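So the chains spell out like this:
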Amino acid sequence: MDKLPVVGQREETVGLTESELENEIRRLKTERNAVILAHYYQESEIQDLADFVGDSLQLSQQAAKTKADVIAFCGVHFMAETAKILNPNKIVVVPDLTAGCSLADGCPAPLFGRWLEQYPGHTVVSYINCSAEVKALSDIICTSSNAVKIVKALGGEKVVFAPDRHLGAFVAKQASRPDLVTWQGTCVVHETFSERRLLELMAQHPDAEVIAHPECTEAILRHAHHVASTSGLIDYAKKSPKQTFIVATEAGILHKMHQAAPDKTLIAAPPEDESCACNMCPYMKKNTLEKLYLCLRDLAPQVDVPEPIRIRALRPIQRMLDMSV
Ligand code: 13P
Ligand code: SF4
């Protein structure tokens, strides 16, 4: 049977060399008055071309203040969607419309809405890794860099946290909220790190510090000297007097971490299966230089959010941004 075309997605190969693609992307960026925002998990050549590389909170802060007409978002769908919610009159394009996220995909809004009915009177705190429809059902959004602070700021309010159960467990512990009700989603990348292999690595490098993203399981987080968002981990590796770090998050972070801390030794935390590339996000890695060039050239695929959903999703995002200045 013939392969069906993916709606909004091109299968074109442009036949340009890497340096030609980079030149074309720079030219189109000026021509379109576009800004390129990229997450730390993007391929290094995309990070090097971006106007700004950051974690989810920093990327939404950049999106909120950009003067560009076009935002080319190199990350995953929920990140570009957040940029669109903040900028309804700007064009938001992505290299690959199918770059999703297991956390967002694992929390469909109709199911989430029905689940919430069990928790009347609870404040709904949703991790930014969720769809616009789930954001529209939420009271406040958080990211890995402000989740603890936001839940603490809610004082004694009853709280529902979604969709990441590991981040939820971490927040419950840090904010002393054992009563936190948590949706049971997980990140396919962060749950693959192996405690057994991490312990072996720690024994081989007794002076190394383990640094981890809070989407990791408790079995990994309990060995971490520092737990933070992607930008928090880069900052820590740069400022810590230690020389060697075992880094438990998606491997794309090592590019900027090496640039920020060139004299440090960085070791990627191992997944259980030695032969897999499970510490690479399969969604983030869908974006390529060629697809970035095509999305700037064609102004497609674009990310759009229906206006009634956008208005309801904006409120909890804005509440987070107001609490994060
Ligand atoms: P950060 O906000 O820490 O960059 O995390 C985003 C993400 O998707 C982690 O998997
Ligand atoms: Fe989603 Fe995990 Fe990929 Fe982050 S690393 S975008 S949480 S699947």
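Look up: the structure comes first, before these words.
In short, a report on the structure. (Residues numbered from 1 in each chain as written. Chains lettered and ligands numbered in written order. Predicted model: local features only at pLDDT ≥ 70, side-chain atom pairs only at ≥ 80, totals over all residues. Heavy atoms only, no water.)

**Observations regarding the pairing of strand E12 (residues 265-268)**
Side-chain direction in a regular strand flips from residue to residue, so the side chains alternate between the two faces of the sheet. Strand direction decides the pairing type here: strand E11 (residues 244-248) and E12, joined by four bridges, are parallel. Bridge pairing links threonine 244 to threonine 265 in E12. This β-α-β element, E11 to helix H13 (residues 253-260) to E12, shows right-handed connectivity. (Pairing = 2+ DSSP bridges. Helix = DSSP H or I, 4+ residues; strand = E, 2+ residues; numbered from the N terminus. Right-handed = clockwise from strand over helix to strand, strands pointing away.)

**Comments concerning the sheet that holds strand E5 (residues 123-127)**
Ordered in space as E6-E5-E7-E8, the four strands form an open sheet in which the pairing is parallel. The sheet is open, and its two edges are formed by strand E6 (140-142) and strand E8 (181-182), each paired on a single side. One ladder, built from four bridges, connects E5 with strand E7 (residues 159-162); its direction is parallel. From the neighbouring strand, serine 126 faces E7, where its bridge partner is alanine 162.

**Some remarks on the pairing of E7**
Burial along E7 is two-sided: the residues Val159 and Phe161 and Val160 and Ala162 are all buried. Pairing geometry for E7 and E8, over two bridges, is parallel. Directly across from valine 160, in E8, lies its bridge partner valine 181. The β-α-β motif built from E7, the intervening helix H9 (residues 165-174) and the parallel element E8 has right-handed crossover chirality. (Buried < 20%, exposed > 50% of the residue type's maximum accessible area, 1.4 Å probe, protein only.)

**Some details on the packing of helix H1 (residues 18-32) against helix H14 (residues 289-298)**
Helix packing geometry: the angle between the two helix axes and the distance between the axes. Their axes nearest at 9 Å, the elements H1 and H14 cross at an angle of 30°. Comparing their axes, H14 and H1 come out roughly parallel. Relative to H14, H1 is oriented so that their crossing is left-handed. Where H1 approaches H14, its residues Glu18, Leu21, Glu22, Glu24, Ile25, Leu28 and Arg32 are matched on the opposing element by Leu289, Glu290, Leu292, Tyr293, Leu296, Arg297 and Asp298. Tallied by class, the residues present in the contact of H1 with H14 amount to seven nonpolar, no polar and seven charged. (Axes fitted to C-alpha atoms, helices over the stretch in contact; angles between N-to-C directions. Parallel < 35°, antiparallel > 145°, perpendicular 65-115°, else oblique. Left-handed = near helix turned anticlockwise from the far one by under 90°. Contact = heavy atoms within 4.5 Å. Nonpolar A, V, L, I, M, F, W, Y, C, P; charged D, E, K, R; others polar.)

**Structural notes on the packing of aromatic side chains**
In this structure the tally under the stated criterion is five aromatic pairs. Each ring, one from phenylalanine 112 and one from tryptophan 115, has its centre 5.9 Å from the other, and the planes form 25°; the classification is stacked. On the criterion of helical spacing, the pair formed by phenylalanine 112 and tryptophan 115 is a turn pair, its members being three residues apart in helix H6 (residues 109-116). Phenylalanine 112 sits in the buried class, given a relative accessible area of 0%. Taking the relative accessible area as the measure of exposure, tryptophan 115 reaches 16% and is therefore buried. On the numbers, 5.6 Å between centres and 80° between planes, the contact of phenylalanine 112 with tryptophan 183 is edge-to-face. Linking phenylalanine 112 in helix H6 with tryptophan 183 in the loop between E8 and helix H10 (195-204), this pair joins segments that are 71 residues apart in sequence. Tryptophan 183 carries the same exposure label as phenylalanine 112, and that label is buried. Site record: aromatic cluster; members linked through ring pairs are Phe112, Trp115, Tyr119 and Trp183. (Phe/Tyr/Trp six-rings, centres within 6.5 Å; stacked < 30°, edge-to-face > 60°.)

**Looking at the state of the cysteines**
In protein structure, a disulfide is the covalent linkage between the sulfur atoms of two cysteines. This structure, assessed with the given rule, holds one disulfide. Here cysteine 276 connects covalently by a disulfide to cysteine 278, the sulfurs 1.6 Å from one another. Of note, the bridge from cysteine 276 to cysteine 278 carries an S-S torsion of about -120° and is left-handed in sense. Cysteine 278 gets classed as partly exposed once you look at its relative accessible area, which sits at 23%. Not part of a disulfide, cysteine 142 finds its nearest cysteine sulfur in cysteine 130, a span of 8.9 Å. Given the relative accessible area of 0%, cysteine 142 is considered buried. (Disulfide = S-S within 2.5 Å.)

**Points about the site of ligand 1**
In the vicinity of ligand 1, the contacting residues are His39, Tyr41, Asp55, Ser56, Tyr127, Asn129, Ser144, His190, His213, Glu215, Ser229 and Thr230. In this structure, an oxygen atom belonging to ligand 1 sits 3.2 Å away from a side-chain N or O atom of asparagine 129. At 2.9 Å from an oxygen atom of ligand 1 is found a side-chain nitrogen or oxygen belonging to glutamate 215. Grouping the amino acids of the shell around ligand 1 by side-chain chemistry returns two nonpolar, eight polar and two charged. (Near = heavy atom within 4 Å. Polar contact = N/O pair within 3.5 Å; in protein donor to acceptor, adjacent residues only side chain to side chain.)

**Quick notes on the nonpolar core**
If you look at the biggest cluster of nonpolar residues, it comprises 69 residues, and the most contacted ones within it are Phe73, Val76, Val125, Phe161, Val171 and Ile246. Of all the elements, helix H4 (residues 77-86) adds the most residues to this core, at six residues. When residues no more than four places from it in sequence are discounted, the contact partners of phenylalanine 73 are Leu37, Leu59, Met79, Ala80, Ala83, Val93, Val94 and Pro95. Core analysis: the next-biggest nonpolar cluster, separate from the first, contains 33 residues, Ala34, Ala38, Leu294 and Leu299 among them. (Core = buried A, V, L, I, M, F, W, Y, C linked by side-chain atoms within 4.5 Å.)

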